[in-house]
Amino acid sequence: MADKPVRADKATAVAELTDQFRNSKAAVLTEYRGLTVAQLTELRRSLGKETTYSVSKNTLAKRAATEAGIEGLDALFTGPTALAFVAGDPVEAAKGLRAFAKAHPAMVIKGGVFEGKAITAAEVNKIADLESREVLLAKLAGAMKGNLTKAAGLFQAPLSQVARLAAALQDKKSAEGSAEG
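Residues numbered from 1 in each chain as written. Predicted model: local features only at pLDDT ≥ 70, side-chain atom pairs only at ≥ 80, totals over all residues. Heavy atoms only, no water.

## Focus on the pairing of strand S5 (residues 117-120)
Here comes step 1: Looking at chain direction, strand S4 (residues 108-114) and S5 are connected through 4 bridges and run antiparallel. Paired with Gly111 across the two strands is Thr120, which belongs to S5.
Here comes step 2: Counted along the chain from S4 to the antiparallel partner S5, the turn is 2 residues long, and its residue Glu115 has a positive phi close to 55°. (Pairing = 2+ DSSP bridges. Helix = DSSP H or I, 4+ residues; strand = E, 2+ residues; numbered from the N terminus.)

In structure tokens:
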């Protein structure tokens, strides 16, 4: 396949796809057979601005994935293939694709790429099961705040104990002083 001369327009397409594979946080390969243009447009809108969804020729996409250093996708490049390149949150994109696939059974998630490694369709669904980055960060911040509050209480406890001890000693001395006098 590498021995065949590549036309200039195909070389440009491969270069663009290679850049998208390299620069995206994730990519999801889908089969779109049976979907209308209106449904594909609806999917593109639902994925938002940080995810691009486009139909690609299997041979060009396969070559681009290889040039980007991604292995293990060759078996997925069969039938009509469309690629969703995710520049934003991969969890949100995976959730959007899974929801669309549930509403439109004609679309099938084949697999994808996450952090430069090939993943299966089941792994794409696992990513979709995760909470969004913002939710996870909020939970982490809440846990850290709770731990900091506990730490502050622990650091203040010895000081308040010393203060109570000093007050008790003072009370004891004044009680002894008034008992003697």
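## Digging into helix H3 (residues 58-67)
Here comes step 1: Along H3, the residues classified as buried are Asn58, Leu60, Ala61, Arg63, Ala64 and Ala65.
Here comes step 2: Among the structural elements, helix H1 (8-23), strand S2 (51-56) and strand S3 (81-86) are those in contact with the buried residues of H3. (Buried < 20%, exposed > 50% of the residue type's maximum accessible area, 1.4 Å probe, protein only. Contact = heavy atoms within 4.5 Å.)

## A word on the packing of aromatic side chains
Here comes step 1: Within this structure, the stated rule accounts for 1 aromatic pair.
Here comes step 2: Their ring planes at 85° and their centres at 5.1 Å tell us that Phe21 and Phe85 sit as a pair that is edge-to-face. Pair noted here: Phe21 is in helix H1 and Phe85 is in strand S3, with a separation of 64 residues, a long-range link.
Here comes step 3: You can call Phe21 buried: its relative accessible area is 6%. (Phe/Tyr/Trp six-rings, centres within 6.5 Å; stacked < 30°, edge-to-face > 60°.)

Remember, this is a structural readout, not a statement about activity or role.
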